[in-house]
Each structure stands twice: as C-alpha cells, then as structure tokens.
Amino acid sequence: MGGFKLGKMTLRGLFKQPETVQYPAQRKEPPAGLKGHVCNDVAACILCGICAKRCPCGAIQVDKPARTWSIDRFRCVQCGNCVRECPKQCLAMEPTYTPPSTAKYVDSFEVPEREKTA
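Residues numbered from 1 in each chain as written. Predicted model: local features only at pLDDT ≥ 70, side-chain atom pairs only at ≥ 80, totals over all residues. Heavy atoms only, no water.

Peer 1: Run through the overall build of the chain, naming residues and quoting values.
Peer 2: For the chain, the helix and strand inventory stands at three helices and five strands. In the chain, the succession of helices and strands from N to C terminus is α-β-α-β-β-α-β-β. Relative to a compact globule of 118 residues, whose C-alpha radius of gyration would be 13 Å, the chain shows 21 Å and is clearly more extended. With respect to the principal axes defined by its C-alpha atoms, the chain has extents near 80 × 30 × 30 Å. For the chain, with 118 residues in total, the buried portion stands at 23%. Carbon and sulfur atoms form 57% of the exposed surface of the chain, whose accessible area is close to 9,200 Å². (Helix = DSSP H or I, 4+ residues; strand = E, 2+ residues; numbered from the N terminus. Rg over C-alpha atoms; globule rule 2.2 N^0.38 Å. Buried < 20%, exposed > 50% of the residue type's maximum accessible area, 1.4 Å probe, protein only. Areas by Shrake-Rupley, 256 points an atom, 1.4 Å probe, with all protein chains shown as cover.)

Listed below in structure tokens is the structure:
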C-alpha cells in the first residue's frame, strides 16, 4: 500500500512546478498577509515612546534626549502593536522579509529636530 502512495507522489512531482527557486537569481512573491518588518518614517516621528511601551518583546527603544529611535529586529515578533498604536502613523509594516545577516545588530535612527512654528 505504501508503494502506491510513494509512486503517486513521485509522478505528481514530475508534472508540476517546483516549490523551490534559485534564491539569489529568482525571488518568490511574498505571500498575502505577510507582516514583514517595521519601518519608521523618522521625519514624522515625535519620539513619544508609545511604540516602545506597547512592544511586547521590548524590541523598540526610544531615547528622547539623544533623539534616537532603535529597533532590534531579532527581538521583534512582527505583531504590529507599535504600528497600530503610533499617534502620528509614522510606523508601517513593509511586506518584505528582514535581510539575512551574519551578526545581530540594532537599527538606530536619528530623528531630526522639528521646526517650531509660532
């Protein structure tokens, strides 16, 4: 009985498209609903720190005196809480994977000073 299942599976594999691709040369389209990774439009960020408070894994750090916004992409679980809670809508989930890396690092962005209008 097991031989028939194996033969059927082998014949099916001969006539359909392969599941894998030659990665560096070809890339698959991201699946629908892929959360991807968090991106910040630092020009719109007001460093309120709500995203850091709502992050369940503590991947986001906001340093107001130094005017920096940092994310540890290796701790981020792509839940989207920070994106939903941002009052200025400067955070977004891009539907792409985080690029592979050989070492852990923290992405840190300097937030420019906002012009004060009187």
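Peer 1: Before we move on, could you go through a nonpolar patch on the surface and cite the residues and values that matter?
Peer 2: Together, Leu11, Leu14 and Phe15 make up an exposed nonpolar region whose accessible area comes to about 390 Å². Looking at where Phe15 falls in the secondary structure, it is placed in helix 1 (residues 2-15). (Patch = residues over 30% accessible without salt bridge, like charges linked within 9 Å, V, L, I, M, F, W, Y side chains within 5 Å. Salt bridge = Lys/Arg side-chain N within 4 Å of Asp/Glu carboxyl O.)

Peer 1: For the environment of Cys86, give the residues involved together with the corresponding values.
Peer 2: Mapped onto the fold, Cys86 is located in the loop between helix 3 (81-85) and strand 4 (91-94). For the pair Cys86 and Gln26, spaced 60 residues apart in sequence, the C-alpha separation works out to 35 Å.

Peer 1: Please give an account of unusual backbone geometry that cites residues and values.
Peer 2: Backbone phi values are negative for most residues with the exception of glycine, while trans is the configuration of most peptide bonds. One non-glycine residue with positive phi stands out, namely Arg67, at about 55°. Although it is not a glycine, Gln89 sits at a positive phi angle of roughly 55°. Among the structural elements, Gln89 can be located in the loop between helix 3 and strand 4. You can call Gln89 exposed: its relative accessible area is 57%.

Peer 1: Give me the lowdown on the packing of aromatic side chains, citing residues and values where you can.
Peer 2: Summed over all chains, the structure comprises two aromatic pairs. Consider the rings of Trp69 and Phe109, whose centres lie 6.0 Å apart with planes at 35°: the pair is tilted. Within this pair, whereas Trp69 is found in strand 3 (residues 68-71), its partner Phe109 is found in strand 5 (residues 107-110), the two being separated by 40 residues in sequence. For Trp69, a relative accessible area of 1% gives the class buried. With 5.6 Å between their ring centres and 85° between their planes, Phe74 and Tyr105 make a pair best called edge-to-face. Residue Phe74 is located in the loop between strand 3 and helix 3, and its partner Tyr105 is located in the loop between strand 4 and strand 5; the two are separated by 31 residues in the primary sequence. (Phe/Tyr/Trp six-rings, centres within 6.5 Å; stacked < 30°, edge-to-face > 60°.)

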